[in-house]
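Residue-level listing of the chains:
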Amino acid sequence: MLEIRGLTASIGDKPILKGIDLTVPDGEVHAIMGPNGSGKSTLGYVLSGRDDYTVTGGSVLFDGVDLLDMKPEQRAAAGVFLAFQAPIELPGVNNANFLRTALNAIRRAHGESELDAMQFLKIARAETKRLAMPDDMLKRNVNVGFSGGEKKRNEVLQMALLRPKLAILDETDSGLDIDALKIVADGVNALRSDTFSALVVTHHQRLLDYLVPNRVHVLAHGRIVRSGGPELARELEKSGYANVLTEAA
Amino acid sequence: MSAIAQTGAAGFLACFDALKDALPGDPIVRQRAAASFRALGLPGGTSARRAEAWKYTSLRPVAETAFMTPVAHGLSIDLSASTATCSRFAATPDFGALPRPDRDPMVALNTMLAEDGAILHVPAETDAGLVRIESHGNGPTAFHPRHAIHLEAGATLIVLETATGNGSYLHNAVTEITIGAGAHLTHIRLQDESPDSFHFATIYADVAEGGTYDGFSLVLGARIARTEIHARLVGENGVAHMNGVQLLTGNQHADFSSVVRHDAPHGTSRQTVKNVLAGRSRGVFQGRIEVARHAQKTDGYQMNQALLISQDAEIDSKPELEIFADDVKCSHGATVGELDAEQLFYLRSRGVPDSEARAMLVRAFLTEALDLVTNEPIRDVLGQRIDAWWERQAA
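Caption draft 1: Looking closely at the overall build of chain A. Assigned secondary structure in chain A consists of nine helices and twelve strands. For chain A, whose C-alpha radius of gyration is 18 Å, the value lies close to the compact-globule estimate of 18 Å for 249 residues. With the principal axes as the frame, chain A shows a C-alpha extent of 55 × 40 × 35 Å. When burial is assessed residue by residue, chain A has 43% of its 249 residues classed as buried. Looking at chain A alone, contacts between residues at least 24 apart form 68% of all its contacts between residues at least 6 apart.

Caption draft 2: Spotlight on the overall build of chain B. Along the backbone of chain B there are seven helices and 21 strands. Taken against the 2.2 N^0.38 rule, which gives 21 Å for 395 residues, the C-alpha radius of gyration of chain B at 21 Å falls within 12% of a compact globule. Projected onto its principal axes, the C-alpha coordinates of chain B cover approximately 70 × 45 × 45 Å. Relative to its full complement of 395 residues, chain B shows a buried share of 54%.

Caption draft 3: Broad picture of the interface of chain B and chain A. On the side of chain A, 19 residues touch chain B, which itself brings 17 residues to the contact. Contributions of two or more residues to the side of chain B that touches chain A are made by helix H5 (341-349) and helix H6 (354-370) of chain B.

Caption draft 4: Representation of helix H6 (residues 178-191) of chain A in the model. Residue and element names in this part refer to chain A. For H6, built from 14 residues, the straight-helix expectation of 20 Å at 1.5 Å per residue is met to within 8% by its first-to-last C-alpha distance of 20 Å. Of all the positions in H6, only Ala-180, Leu-181, Ile-183, Val-184, Ala-185, Gly-187 and Val-188 are classed as buried. In this fold, the buried residues of H6 make contact with helix H5 (148-162), strand E9 (166-170), strand E10 (197-201) and helix H7 (205-210).

Caption draft 5: Expanded view of the sheet that holds strand E19 (residues 299-308) of chain B. Residue and element names in this part refer to chain B. Reading across the sheet, the nine strands line up as E3-E6-E9-E11-E13-E15-E17-E19-E21 and stay open at both edges, with mixed pairing between neighbours. Looking along the sheet, the strands with just one partner apiece sit at the ends: strand E3 (74-82) and strand E21 (329-337). Taken over all neighbouring pairs, the strand axes of this sheet differ in orientation by 5 degrees on average, direction set aside. Note: strand E9 (residues 156-166) against strand E11 (residues 184-191), eight bridges, orientation parallel. When the sheet's bridge partners are listed, Leu-160 is paired in E11 with Ile-188. Packing of helix H7 (residues 376-394) onto the sheet brings it into contact with E9, E11, strand E13 (212-219) and strand E15 (239-248), and relative to E11 it is tilted by some 25 degrees.

Caption draft 6: Highlighting the environment of Arg-88 of chain B. Residue and element names in this part refer to chain B. Its place among the elements puts Arg-88 in strand E4 (residues 85-88). Once the C-alpha coordinates of Arg-88 and Asp-354 are considered, the two residues, 266 residues apart in sequence, prove to be 50 Å apart. Excluding its chain neighbours within four sequence positions, the residues that come into contact with Arg-88 are Asp-116, Gly-117, Ala-118 and Ile-119.

Caption draft 7: Region of interest: the sheet that holds strand E4 (residues 54-62) of chain A. Residues and elements named next belong to chain A. As summarised here, the arrangement of the four strands in space is E2-E1-E4-E5, forming an open sheet in which the pairing is antiparallel. Only two strands of the sheet have a single partner each, and these edge strands are strand E2 (14-24) and strand E5 (65-66). Bridge count between strand E1 (residues 2-11) and E2: eight bridges; the pairing is antiparallel. When the bridges of E2 are listed, Glu-3 appears paired with Thr-23.

Caption draft 8: Quick look at the environment of Leu-370 of chain B. Residues and elements named next belong to chain B. Its location among the elements puts Leu-370 in helix H6. Taking the C-beta count within 10 Å as the criterion, Leu-370 has 20 such neighbours and is therefore assigned buried. If we skip the residues at most four places from it in the chain, Leu-370 touches Val-245, Arg-379 and Leu-382.

Caption draft 9: Looking closely at unusual backbone geometry. Residues and elements named next belong to chain B. Residues Gly-139 and Pro-140 are joined by a peptide bond in cis, for which omega reads -5 degrees. Of note, His-266 is a non-glycine position whose phi angle comes to about 60 degrees, a positive value. Structurally, the position occupied by His-266 is in the loop between strand E16 (253-262) and strand E17 (268-277). Despite not being glycine, Lys-297 has its phi angle at roughly 60 degrees, a positive value. Along the chain, Lys-297 falls in the loop between strand E18 (282-291) and E19.

Caption draft 10: Seen up close, the pairing of strand E14 (residues 224-233) of chain B. All names here are of chain B. Counting buried positions over the ten residues of E14 gives ten, a clear majority of the element. In E14, alternate side chains face the same way, and those of Ile-224, Arg-226, Glu-228, His-230 and Arg-232 on one face and Ala-225, Thr-227, Ile-229, Ala-231 and Leu-233 on the other are all buried. Judged from the ten bridges that link them, strand E12 (residues 198-207) and E14 form a sheet pairing that is parallel. Paired with Phe-198 across the two strands is Ile-224, which belongs to E14. In this structure, E14 lies alongside E16, joined through ten bridges in parallel fashion. Its bridge partner being in E16, Ala-231 is matched across the sheet by Val-260.

Caption draft 11: Geometry of the packing of helix H1 (residues 8-19) of chain B against helix H2 (residues 27-40) of chain B. Residues and elements named next belong to chain B. As a packed pair, H1 and H2 sit with axes 10 Å apart at the nearest point and diverge in direction by 165 degrees. Judged by the inter-axis angle, H1 sits roughly antiparallel to H2. Of the two possible hands of crossing, H1 and H2 adopt the one that is left-handed. Note on element contacts: H2 touches H1 through Ala-34, Phe-37 and Arg-38, opposite Ala-9, Leu-13 and Phe-16. Looking at the contact of H1 with H2, its residues break down into five nonpolar, no polar and one charged.

Caption draft 12: The arrangement of helix H8 (residues 230-239) of chain A in detail. All names here are of chain A. Every buried residue of H8 is listed here: Leu-232, Ala-233 and Leu-236. Looking straight down H8, one finds its buried side chains confined to an arc of 100 degrees; they lie on one side. Of the exposed residues in H8, those oriented more than 90 degrees away from the buried face are Glu-231, Lys-238 and Ser-239. Where H8 terminates, the next one or two residues include Gly-240, which has phi positive at roughly 75 degrees.

Caption draft 13: Quick peek at the pairing of strand E8 (residues 146-151) of chain B. Residues and elements named next belong to chain B. Within E8, six of the six residues are buried, leaving the element largely enclosed by the surrounding structure. Judged by which residues are buried, E8 turns out to be covered on both faces: Arg-146, Ala-148 and His-150 on one side and His-147, Ile-149 and Leu-151 on the other are all buried. With four bridges connecting them, strand E5 (residues 118-122) and E8 associate as parallel partners. Each bridged residue has a counterpart across the sheet, and for Val-122 the counterpart in E8 is Leu-151. When E8 meets strand E10 (residues 170-179), the two strands line up parallel, connected through six bridges. Counted as the bridge partner of Arg-146 is Val-174 from E10.

Caption draft 14: Quick look at the nonpolar core. One finds Phe-81 and Val-200 of chain A together with Leu-157 of chain B to be the most contacted residues of the largest nonpolar core, which totals 180 residues. Here this core takes nine residues from H6 of chain B, the largest share from any one element. Excluding its chain neighbours within four sequence positions, the residues that come into contact with Phe-81 of chain A are Ala-76, Met-159, Leu-162, Pro-164, Leu-166, Ala-167 and Ile-168 of chain A.

Conventions adopted
- Residues numbered from 1 in each chain as written.
- Chains lettered and ligands numbered in written order.
- Predicted model: local features only at pLDDT ≥ 70, side-chain atom pairs only at ≥ 80, totals over all residues.
- Helix = DSSP H or I, 4+ residues; strand = E, 2+ residues; numbered from the N terminus.
- Rg over C-alpha atoms; globule rule 2.2 N^0.38 Å.
- Buried ≥ 20, exposed ≤ 12 C-beta atoms within 10 Å, placed from the backbone.
- Contact = placed C-beta atoms within 7 Å.
- Expected span 1.5 Å × (residues − 1).
- Pairing = 2+ DSSP bridges.
- Axes fitted to C-alpha atoms, helices over the stretch in contact; angles between N-to-C directions.
- Parallel < 35°, antiparallel > 145°, perpendicular 65-115°, else oblique.
- Left-handed = near helix turned anticlockwise from the far one by under 90°.
- Nonpolar A, V, L, I, M, F, W, Y, C, P; charged D, E, K, R; others polar.
- Arc of directions from axis to C-beta.
- Core = buried A, V, L, I, M, F, W, Y, C linked by C-beta atoms within 7 Å.

Here it is as structure tokens:
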């Protein structure tokens, strides 16, 4: 599914990613943990094609295809989805219209027929119900006036509708109460299959109790310094990053 | 009547001298207007110096163009969806009480040479539906329509004005509007003139107690355009909305100038003018809110925003507040920017292609100004024009 080899990236002159090696096989959920400023969000942005980061070296293959050569919209059509840590507000853009435009763009790229407003609303309402979101969230402007939790749920709604092959969740759990956290985890778990993988960036073990990862990686200073099974997350929760970082140094 | 080729203020005055005996209406009003026009001249027409009201807009290209006057121009008034009564200025010439030819050169020019126009009247407590006024200019002509819209107490009317044409012509309209107590006028203007034309529209609107003026202008066409609105809230609880969208490209210059005068307590004025500027175009916004000493509890809001989609485009913005009452709420602001890179990336990361994402963000930028247009068919027409404009830019 995803093969990252020696990936380096900088913003301006400042190197952020200093050689990432990471493979996420089909059907697996990998967690990325690490202290603030270690490059976790940058990794998500670089994988989804944000152009203020410059890739200075390495390669990323997605289903065997060079991901770095693709525009953001082509990556989305190929099946990459980034759930933003701070979802962007789009004043003047109706949420339902936004979601339908995105879904139809991806359907078009796959050679599928576009959905009309009625067909779309039927699907969208089923998902909002499943995610315990009020119906009026479809009528409002994208993320405008949404609470922190509503914004995160709106990201999960987008993911549920766009059905990516690879979801990158950038601290989607931050600012969520326990009920919302379960809903988010359920949303991801519902997508889990042989053809779905996820990279879950988080600071907390809590999310991983509901969304159990196959592997946990610790990212520090732009490199993966340790990898392990789900037990690594529990260890980090108990003793912090200090030990891991010392070991790695 | 014979056609006369003319240039500059002197040309228009010569034309008036030749035609004055044949023009309809009070000759004294015309003579006075001619005297004012002689004194005021075309702003920037012969020298770079011009009045503060025309600070950002020079009419030198107008002064240098020869127009034929008079030529019957295409003015059609469609009353099929309205019960308003309509007469033509040519038949019942009335210059009205609000326009100020003594102050505004283009109003003086219009008063001097106006031949025709639509005069609409809606009796009290009547919903008179929708009137369409369509003008079609043909170069090289100058026409100066004189319109009036009068709503008695409790009346309702929607007016949709569309201006189109071919070639290099001058369209210089003056409109007087009176809105009676509790009456409501929705005044939608679609300016889609020829790219070689000159378009000036000066609108005076008086709003009585509890009356509403909802004005919206979509400015797409003309080489030089100016929309000038003078709204006055003369009765308590009056409401004036003066929104606009200007979409400019090439060497277009469009000026949106307005003055809203709160002359009675508890008035509300709202104005959102959005500019999307491509090519080497130039947008101008001048907006003044005046609050008289006795107009307490006034609520005024004014916002002008520009989206520059080219390095060479330019916006001049001059919002002004002039407040003599002490218990009012007035705010204004102006922003200039480009499309937001984060918003664009967010849309693209969801699979929306770059060009479609940009179109969505431009439409979103315009939404606040367009929201005033609640009539769905009219809003659809405006939306289609906006989309078509954007597609031409993106192509």
